[in-house]
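# Working through the structure, step by step
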Amino acid sequence: RIAVLDWSDSGQSDDALSQRIKDFLPKLFSKLNLAAGNAECSVNLAGNRLQRPEPLATLLRRMREAKVHVISMRLHKNQLGDDAMESIVDHIKHSGRDGKPLLELHLSDNRLTEVGVRKLVEAAHQCKYYFSANSTPERRCRALWLRCENQWPSIAEPQQLLDQLSADGLTVCLLPSKEYQPPAGGRARQLQLEAAVHMHHAFAPKSEHRVAPSETWSREREREKGGKGGKDWWWDARK
C-alpha cells in the first residue's frame, strides 16, 4: 500500500511546514514498515503558501534518509518559483540514483518560468532512470509525469520552450493523461517511449509535441470508470 501524507489546503507557510515536518514526520515513519525498505508515500502539499526551497528540501531529505519512496508530490496552487525547484531537482537526482524515483510532480498554478521548467526536465533526463511509459504492473508512468500549466505570470511561449528542449535532446511528450497509451507501432507511441518527461497537453495545447487520444482509448477509459478503488491509505496529520 502507498501511504498518503496529506497536508493540503491548510494555508500553511514555509515556517509552518518546517514545524510540521519536525513534529509529525516521525509519527508517519512509525506507521510505516521501514525495515523492509519498500515503504512508499504520496505527498500532498497543494493549496498552501509555500515559497522557499528549504522546507521542501528538508522533507524530501528526511524521506530519503528513512528509505521512503516518494511516488508523487502534489505542490500545485502554491507560490513556488524557480529557486524552489532546486530542492526538487536535487531529489530527482538522488532518488533516481537510489532506485526510488519520483514518478509524478504536480506544480500547476505556481510562479515558475521557463527556467524552472527547464531545470526539472534536465534533471529527469540526467537521472537516466525515466523510460518507457506505463511499464509497471500498476500502470505507473515510468517517465516523469510533470504538470506545469497555469503559471503566474503565464509562460509566454511554451511551444518555443518545448522546441528548445527537443533541440537539446531533452524530449518531452504531451499527453491527455498519464495513463494514455497511443496505438502500438505509430509515431505517437514511439515519441511516448523515448521521452523521459510526460506533461499534460494543457501546457501547450497547440504543440506538435501533443499526442491526441484515440477513439478506442477513450471508450476503454469510459469502461474503466467506476472500477475498484486504489490501494492507497491516508495519513492526515491535521487530525
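Structure first, text after, so check above.
Residues numbered from 1 in each chain as written. Predicted model: local features only at pLDDT ≥ 70, side-chain atom pairs only at ≥ 80, totals over all residues. Heavy atoms only, no water.

### Some words on helix α1 (residues 14-31)
Here is the rule: Only DSSP runs of H or I covering at least 4 residues are called helices, and only runs of E covering at least 2 are called strands; the numbering of each starts at the N terminus. By this rule, a helix spans an expected 1.5 Å times one less than how many residues it contains. Note on bend: the value at a residue is the angle between axes fitted to the seven residues ending there and to the seven starting there. Here the term buried applies to any residue with accessible area under 20% of the maximum for its type, exposed to any over 50%, and partly exposed to those in between, with areas from a 1.4 Å probe on protein chains only.
Between its terminal C-alpha atoms α1 stretches 25 Å, which fits the 26 Å expected from 18 residues at 1.5 Å a residue. The largest bend along α1 measures about 40° and falls at Phe 24, with the proline Pro 26 one to four residues further on. Looking at α1, one finds that the buried residues are Asp 14, Leu 17, Arg 20, Ile 21, Leu 25, Leu 28 and Phe 29.

### Thoughts on the packing of α1 against helix α2 (residues 53-65)
Short version of the rule: In this analysis an axis means a line fitted to C-alpha atoms, helices contributing only their contacting stretch, and an angle means the value between N-to-C directions, from 0 to 180 degrees. For classification purposes, an angle smaller than 35 degrees is called roughly parallel, one larger than 145 roughly antiparallel, one from 65 to 115 roughly perpendicular, and anything else oblique. For a crossing to be left-handed, the near helix must be turned anticlockwise from the far one by less than a right angle; the clockwise case is right-handed. Throughout, a contact is declared for two residues whenever any of their heavy atoms are within 4.5 Å.
Their axes nearest at 9 Å, the elements α1 and α2 cross at an angle of 15°. Looking at the two axes, α1 sits roughly parallel to α2. For the crossing formed where α1 meets α2, the hand is right-handed. For the pair formed by α1 and α2, the contact residues are Asp 14, Leu 17, Ser 18, Ile 21, Leu 25, Pro 26, Leu 28 and Phe 29 on the first element and Pro 55, Leu 56, Thr 58, Leu 59, Arg 62 and Met 63 on the second.

### Focus: the pattern of salt bridges
Operational definition: Salt-bridge detection follows one rule: a side-chain nitrogen of Lys or Arg within 4 Å of a carboxyl oxygen of Asp or Glu.
In the structure shown here, the tally under the stated rule is 13 salt bridges. Close ionic contact of Arg 52 with Glu 54 constitutes a salt bridge, the shortest N to O distance being 3.5 Å. According to the relative accessible area criterion, Glu 54 is partly exposed, its value standing at 46%. Between Glu 104 and Arg 74 there is a salt bridge, and its shortest N-O distance comes to 4.0 Å. Of this pair, Glu 104 sits in strand β4 (residues 104-106) while Arg 74 is found in strand β3 (residues 69-74), placing the two residues 30 residues apart along the sequence. Classification of Arg 74 as partly exposed rests on a relative accessible area of 28%. Several salt bridges share partner residues, and in doing so they unite Asp 14, Asp 15, Arg 52 and Glu 54 into one network.

### A word on helix α5 (residues 158-167)
Side chains of residues three or four places apart in an α-helix project in the same direction, reflecting 3.6 residues per turn. Short version of the rule: The arc in question is the one spanned by the directions pointing from the helix axis to the C-beta atoms.
Those residues of α5 that fall on the buried side of the exposure criterion are Pro 158, Leu 161, Leu 162 and Leu 165. When α5 is viewed along its axis, its buried side chains cluster within an angular range of 95° and face the same direction. Against the buried residues of α5 lie α4 (114-127) and β6 (172-175). With its phi angle positive at about 80°, Gly 169 sits one or two positions after the end of α5.

### Side note on the nonpolar core
Where we set the bar: Working definition of a nonpolar core: buried Ala, Val, Leu, Ile, Met, Phe, Trp, Tyr and Cys residues. They are joined through side-chain atoms within 4.5 Å.
In this structure, Met 63 and Met 73 are the most contacted members of the largest nonpolar core, which totals 58 residues. Looking at this core element by element, the count peaks at six residues for α4. Residues in contact with Met 73, not counting those within four places in the same chain, are Val 43, Leu 45, Leu 56, Leu 60, Ile 88, Leu 102, Glu 104, Leu 105 and His 106.

### Observations regarding the pairing of strand β1 (residues 2-6)
Here is the rule we go by: Assignment of crossover handedness uses the view with strands pointing away from the viewer, where a clockwise path from the first strand over the helix to the second indicates a right-handed crossover.
The element β1 is extensively covered by neighbouring structure, given that five of its five residues are classed as buried. Burial of β1 is two-sided: the residues Ile 2, Val 4 and Asp 6 facing one way and the residues Ala 3 and Leu 5 facing the other way are all buried. The β-α-β motif built from β1, the intervening α1 and the parallel element strand β2 (residues 40-44) has right-handed crossover chirality.

### Regarding the side chain of Asn 78
How we decide: What qualifies as a polar contact is a pair of N or O atoms within 3.5 Å, subject to a donor-acceptor requirement within protein and to the restriction that residues adjacent in sequence count only when both atoms come from side chains.
With respect to the helices and strands, Asn 78 occurs in the loop between β3 and α3 (85-97). For Asn 78, a relative accessible area of 6% corresponds to the buried category. Of note is the side chain of Asn 78, whose polar atom sits 3.1 Å from the backbone nitrogen of Leu 50. Sequence-distant contacts of Asn 78, defined by excluding residues within four places in its chain, comprise Leu 45, Ala 46, Gly 47, Asn 48, Arg 49, Leu 50, Asp 109 and Asn 110.

### Some details on the packing of α4 against α5
Quick reminder of the rule: Here the term charged refers only to Asp, Glu, Lys and Arg, the term nonpolar to Ala, Val, Leu, Ile, Met, Phe, Trp, Tyr, Cys and Pro, and the term polar to all other amino acids, Gly among them.
Running from N to C, α4 and α5 point in directions that differ by 35°, and their axes come no closer than 11 Å. Crossing of α4 over α5 shows right-handed handedness. Judged by residue contacts, Glu 114, Val 117, Arg 118 and Val 121 of α4 engage Leu 161, Gln 164 and Leu 165 from α5. Residues of the contact of α4 with α5, tallied by class, amount to four nonpolar, one polar and two charged.

### Overview of the environment of Ala 57
Locating Ala 57 in the fold gives a position in helix α2. For Ala 57, a relative accessible area of 29% corresponds to the partly exposed category.

### Re the environment of Gln 19
In this fold, Gln 19 is placed in helix α1. Each C-alpha atom, one on Gln 19 and one on Pro 55, is 9.1 Å from the other, the two residues being 36 residues apart in sequence.

### Some words on unusual backbone geometry
Of the consecutive residues Trp 152 and Pro 153, the connecting peptide bond is found in the cis state with omega at -5°. Phi is positive for Asn 150, close to 60°, though the residue is something other than glycine. Judged by its relative accessible area of 53%, Asn 150 falls in the exposed class.

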